[in-house]
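A look at the structure
One-letter residues, chain by chain:
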Number of protein chains: 2
Amino acid sequence: MRGIMSTPTDFSEMNCSIARSFGVMGDPWKALIIRDVNLGLTRFDQIADDLGVSRKVLTQRLNEMVTDGLLERVAYQQQPVRCDYVLTDMGADLVPVILAVLAWGDRWLIGETGVPAIPLHRGHECRANVICAACRKPIAAADVGGAVGPGGTVGPGTRLIGSRMRQRA
Amino acid sequence: MRGIMSTPTDFSEMNCSIARSFGVMGDPWKALIIRDVNLGLTRFDQIADDLGVSRKVLTQRLNEMVTDGLLERVAYQQQPVRCDYVLTDMGADLVPVILAVLAWGDRWLIGETGVPAIPLHRGHECRANVICAACRKPIAAADVGGAVGPGGTVGPGTRLIGSRMRQRA
């Protein structure tokens with residue numbers, strides 16, 4: 001997995017929403033689990049079969065996702081207990097973000113064979129666009145700056161960027 | 001890093017734009033590097049100082065990002081050669097996606113201290129929204145389905161989801 005194999009950095013300790021978010025949702029298996037659960041594959045065996053992932057890795061990912069608040073277990077059978085995995089509001093709120101990632105991948109990582117899948121939104125074909133909520137325009141990298149927020153601090157992950165953001169503000 | 005420590009799965013072999021994209025950009029360090037480069041921290045030492053990341057890990061991530069087409073090296077000095085890292089079009093196109101991730105983190109992972117940083121778009125405060133390019137409405141998870149695309153195949157990562165997408169189409 002190249003870049004994903006890594007030192008055990010705890011990104012939740014960084015005071016940056018990008019770092020914290022990617023620490024929670026950047027793992028590819030987790031994004032695929034959210035995709036599957038949202039499309040109706042809600043049981044362990046279904047997800048394991050779909051992804052071709054080991055039961056050990058899947059168990060670990062699902063446990064973390066429940067702990068982090070992305071998924072809930074809802075029992076559909078007692079004795080033995082069997083559960084569906086369902087998205088929490090927090091997990092469901094990742095679906096549009098994942099569609100924005102998918103649109104980027106469709107543009108840059110898919111060759112001439114054509115896209116593997118077409119997302120649908122209320123039944124029509126859907127490409128996710130990221131816009132600025134204030135002016136409703138698409139966001140281009142060159143137009144992006146940053147300002148220090150009320151909770152901003154200087155530390156690992158933000159040691160220089162705070163002063164840089166002041167320059168760009 | 002919990003969920004990020006993983007088996008060495010090559011997500012680029014999965015025929016899914018979500019899997020491929022997260023394999024390329026899901027690593028938290030890479031997202032932070034794109035953040036830093038886009039805000040003007042373009043040199044190795046600046047990025048290393050800002051992130052508090054080891055030189056070994058940073059070198060590995062930067063090399064992968066150049067190989068994958070997210071960054072380019074542009075020499076600003078010869079003898080010895082010293083480089084700025086600049087975003088390619090492919091890398092720049094990730095900036096709005098990362099802002100969508102940031103907005104999600106601001107909503108779900110930041111406590112009462114307030115957000116660490118406020119993104120700016122053309123100088124005004126900006127929250128990224130993910131909308132459907134077709135109908136211009138925000139995308140909610142419950143409204144999302146999928147259809148098999150022209151390049152769709154059945155394999156690891158898509159073993160069951162293809163038939164499931166047909167049901168939701």
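Residues numbered from 1 in each chain as written. Chains lettered and ligands numbered in written order. Predicted model: local features only at pLDDT ≥ 70, side-chain atom pairs only at ≥ 80, totals over all residues. Heavy atoms only, no water.

**Concerning helix α3 (residues 44-51) of chain A**
Residue and element names in this part refer to chain A. The cut-off we apply is this: Throughout this description, buried means an accessible area under 20% of the type-specific maximum (1.4 Å probe, protein chains only), exposed means over 50%, and partly exposed covers the range between. Helical segments are the DSSP runs of H or I of at least four residues, strand segments are the runs of E of at least two, and each set is numbered from the N terminus. Taken from the helix axis, the directions to the C-beta atoms give the arc we talk about.
Listed as buried for α3 are Phe 44, Ile 47, Ala 48, Asp 50 and Leu 51. The buried residues of α3 occupy an angular sector of 165° when the element is viewed end-on, so they sit on one face. Just past α3, the residue Gly 52 takes up positive phi, approximately 65°.

**Overview of the nonpolar core**
Most often, soluble globular proteins keep nonpolar side chains buried together rather than apart. So the rule is basically this: Grouping buried Ala, Val, Leu, Ile, Met, Phe, Trp, Tyr and Cys residues that are joined through side-chain atoms within 4.5 Å yields what is termed a nonpolar core. Here, two residues are considered to be in contact whenever any of their heavy atoms come within 4.5 Å of each other.
Leu32(A), Ile33(A), Leu32(B) and Ile33(B) are the most contacted members of the largest nonpolar core, which has 88 residues in total. When neighbours within four sequence positions are excluded, Ile33(B) is seen to be in contact with Ile47(B), Leu51(B), Leu58(B), Arg61(B), Leu62(B), Met65(B) and Leu71(B).

**Thoughts on unusual backbone geometry**
A cis amide bond, omega -10°, links Gln79(A) with the succeeding residue Pro80(A). Note on placement: Pro80(A) falls in the loop between β1 (71-77) and β2 (82-87). Although it is not a glycine, Arg122(A) adopts a positive phi angle of roughly 50°. Within the secondary structure, Arg122(A) sits in the loop between β3 (117-121) and β4 (124-125). The phi dihedral of Gln79(B) is positive, around 50°, even though this residue is not glycine. Turning to its location among the elements, Gln79(B) is positioned in the loop between β1 (71-77) and β2 (82-87).

**What about the relation of the copies chain A and chain B?**
A rotation about an axis combined with a shift along that same axis relates the two copies of the chain. Filter applied, for reference: Only residues with pLDDT of at least 70 in both copies contribute their C-alpha atoms to the least-squares superposition of the copies.
For the pair chain A and chain B, the superposition axis carries a translation of 0.0 Å, the fit reaches an RMSD of 0.0 Å, and the rotation angle comes to 180°. Such a turn and shift between the copies fits a two-fold axis.

**Some points on the confidence of the model for chain A**
Heads up, the rule is: As a per-residue quantity, pLDDT reports the predictor's confidence and falls between 0 and 100.
Mean pLDDT over chain A works out to 92, with 93% of the residues at or above the 70 mark. Prediction confidence for the complex, expressed as pTM and ipTM, is 0.93 and 0.93 respectively.

**With respect to the interface of chain A and chain B**
Selection criterion: Two parts placed together each lose some accessible area; with a 1.4 Å probe, that loss summed over both constitutes the buried area. One speaks of a salt bridge when a side-chain nitrogen belonging to Lys or Arg is within 4 Å of a carboxyl oxygen belonging to Asp or Glu. In protein, a polar contact means a hydrogen-donor-capable atom and an acceptor-capable atom, both N or O and within 3.5 Å, with residues adjacent in sequence counting only if both atoms are side-chain atoms; elsewhere, any N or O pair within 3.5 Å suffices. Amino acids are sorted into nonpolar (Ala, Val, Leu, Ile, Met, Phe, Trp, Tyr, Cys and Pro), charged (Asp, Glu, Lys and Arg) and polar (every other residue, Gly among them). In this analysis, strands are considered paired if DSSP registers two or more bridges between them.
Between chain A and chain B, the residue contacts involve 113 residues of the former and 113 residues of the latter. The contact between chain A and chain B buries some 10,500 Å² in all, and 65% of this surface belongs to carbon and sulfur atoms. The largest contributions to the chain A side of the interface with chain B come from Phe22(A), Leu39(A) and Trp104(A), which together make up 7% of the buried area. Taken together, chain A and chain B are joined by four salt bridges. Among the salt bridges present, the one from Arg122(A) reaches Asp143(B), with a minimum N-O distance of 3.2 Å. Scanning the region where chain A abuts chain B turns up 45 residue pairs in polar contact (both at pLDDT 80 or more). With 13 residues, helix α6 (residues 95-108) of chain A is the largest single contributor of residues to the side of chain A that touches chain B. In the side of chain A that touches chain B, the residues fall into 62 nonpolar, 27 polar and 24 charged. Here five bridges tie strand β5 (residues 128-132) of chain A to strand β5 (residues 128-132) of chain B, and the two strands are oriented antiparallel to one another. Paired with Ile131(A) across the two strands is Asn129(B), which belongs to β5(B).

**Brief notes about α6(A)**
Residue and element names in this part refer to chain A. Short version of the rule: By definition here, a helix of n residues has an expected span of 1.5 Å times n minus one.
Here α6 spans 20 Å end to end across 14 residues, near enough to the 20 Å set by a 1.5 Å rise per residue. The buried fraction of α6 is high, at 12 of 14 residues. Listing the buried residues of α6 in full gives Val 95, Pro 96, Val 97, Ile 98, Leu 99, Ala 100, Val 101, Leu 102, Ala 103, Trp 104, Gly 105 and Asp 106.

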